[in-house]
Amino acid sequence: MIVCVGAGPGHLDYLTRKGAELVAGADVVAGFDAVVDVVRPLVPGTAQVVTMGYRDQVARLAEVAEQHRAGRRCVVVFMGDIHFSGFQFLERVETACGHRVETVPGISSAQMLASKGRVCFDETTFLTFHRRGDLTPFKTHLRDVLRAGRNAIVIPRPWDFMPRDVATYLLGCGLPPGHRAEVWENLSRAEAEWTGTLAELSERDFSDMSILLLRALTPMLTGLELEGEA
Ligand SMILES: C[S@@+](CC[C@H](N)C(=O)[O-])C[C@H]1O[C@@H](n2cnc3c(N)ncnc32)[C@H](O)[C@@H]1O
């Protein structure tokens, strides 16, 4: 009677057919305002819509859980994919319900960035700082994956660990000031909003709808280089 569905990010084009069917068949559709707005064209006129923000999410989710217990079909929509930077919200849904809840994956902003920036997942580490709690283990992991020669796709944390703070942290760890960085904003364009060095990034401001790409200094071999020579 309750399912969490990844939607977006930012556009209905990136909602799966399964997610669309669930929203269209729901009695209750809930989520953060911006995400509910994405799926609103699919929400039946008879459905109850429960929108929320950071401050009232616990109270609003308690209402949704109540509807779920009453046997109504509830869909909680998540921005992008639930499994990237969505687990704290999922935990809140499950706490409200008192049990584990089914999830339907969505398309992540990281996937959209990978597609636009032509980045191979195999060679890339995905990190989010958009979470409550201590960021230290995530910061050191970012430092280590870049040192290990991998790409990193990074969601910053508004507003205390934004792209400029990420750059400042990495420079403090001894990464080269000339290491290239890209910031993609709203992922609405074919090209990055901004490209430059870590040193330059440490002095730039971006909106909270930004995602950061740090490419490996040396691209990995594809593994096909010697094909045809044997
Ligand atoms: C709480 S995280 C959720 C990420 C989401 N689960 C996903 O898979 O994309 C929200 C952050 O994702 C990033 N983000 C989501 N959609 C985006 C978009 N269309 N363009 C750029 N960044 C985006 C921004 O950094 C935003 O603050």
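Starting from 1, residues in each chain are numbered consecutively following that chain's sequence as written. Selection of residues for local features in this predicted model requires a pLDDT of at least 70, selection of side-chain atom pairs for listing and counting requires 80 or more, and totals for whole chains, interfaces and linings are taken over all residues.

Identification of the protein as Cobalt-precorrin-7 (C(5))-methyltransferase from Deinococcus petrolearius is taken from an unreviewed UniProt entry. UniProt positions are given in the numbering used here, feature names are shortened, and annotations may be inferred rather than shown by experiment. Within the UniProt record for the protein, the comment given under Pathway (unreviewed entry) is "Cofactor biosynthesis; adenosylcobalamin biosynthesis."

S.K.: An account of the UniProt feature "domain: Tetrapyrrole methylase" (unreviewed entry) in the protein is requested, with residue identities and associated values reported.
M.R.: Residues annotated in UniProt with the feature "domain: Tetrapyrrole methylase" (unreviewed entry) correspond here to residues 1–201. Here a strand is any run of E in DSSP of at least two residues, a helix any run of H or I of at least four, and the numbering for each starts at the N terminus. Along residues 1–201, the helical share is 37% and the strand share 22%, with 46 Å between the first and last C-alpha atoms.

S.K.: Account for helix 7 (residues 163–172), naming residues and giving values.
M.R.: Here exposure depends only on C-beta density: within 10 Å of a residue's C-beta, 20 or more other C-beta atoms make it buried, 12 or fewer make it exposed, and intermediate numbers make it partly exposed, the C-beta atoms being placed from the backbone. Taken residue by residue, helix 7 has P163, V166, A167 and L170 as its buried positions. End-on, the buried residues of helix 7 take up no more than an arc of 95 degrees, which puts them together on one face. Residues are scored as being in contact if the C-beta atoms we place from backbone atoms lie within 7 Å. Elements in contact with the buried residues of helix 7: helix 6 (136–147), strand 7 (151–155), strand 8 (180–185), helix 8 (198–201) and strand 10 (210–214). Within two residues after helix 7, G174 carries a phi angle of roughly 95 degrees, on the positive side. The reported arc concerns the directions from the helix axis to the C-beta atoms and nothing else.

S.K.: Now, about the sheet that holds strand 4 (residues 74–79): what can you tell me, with residues and values included?
M.R.: Only strands that DSSP links by at least two bridges are regarded as paired with each other. Judged by pairing direction, the sheet is parallel, and its five strands sit side by side in the order 3-2-4-1-5 without closing on themselves. Lying at the two open borders of the sheet, with one neighbouring strand each, are strand 3 (48–52) and strand 5 (102–104). Each strand axis lies, on average, 20 degrees off the axis of its neighbour in the sheet, ignoring direction. The pairing of strand 2 (residues 28–32) with strand 3 spans five bridges and is parallel. If you follow V29 over to strand 3, its bridge partner there is V49. Only the contacting stretch of a helix is used when fitting its axis, a line to C-alpha atoms as for every element, and angles between N-to-C directions run 0 to 180 degrees. Together, strand 1 (2–7), strand 2, strand 4 and strand 5 form the strand contacts of helix 1 (residues 17–24), whose direction differs from that of strand 1 by roughly 130 degrees. Contacting strand 1, strand 4 and strand 5, helix 4 (residues 87–97) runs over the sheet at an angle of about 165 degrees to strand 1.

S.K.: Outline the pairing of strand 8, listing residues and values.
M.R.: Inspection of the sheet shows strand 8 paired to strand 9 (residues 194–197) by four bridges, in the antiparallel sense. Bridged to V183 within strand 9 is W194. Of the pairings in the sheet, the one linking strand 8 to strand 10 comprises four bridges and is antiparallel in character. Looking across to strand 10, one finds that V183 is bridged to L212.

S.K.: Explain the environment of V39 to me, using residue names and the numbers behind them.
M.R.: Mapped onto the secondary structure, V39 falls in helix 2 (residues 33–39). Through-space distance from the C-alpha of V39 to that of D205 is 30 Å; in sequence the pair is 166 residues apart. Excluding its chain neighbours within four sequence positions, the residues that come into contact with V39 are A7, L12, L15, V23, V29 and V77.

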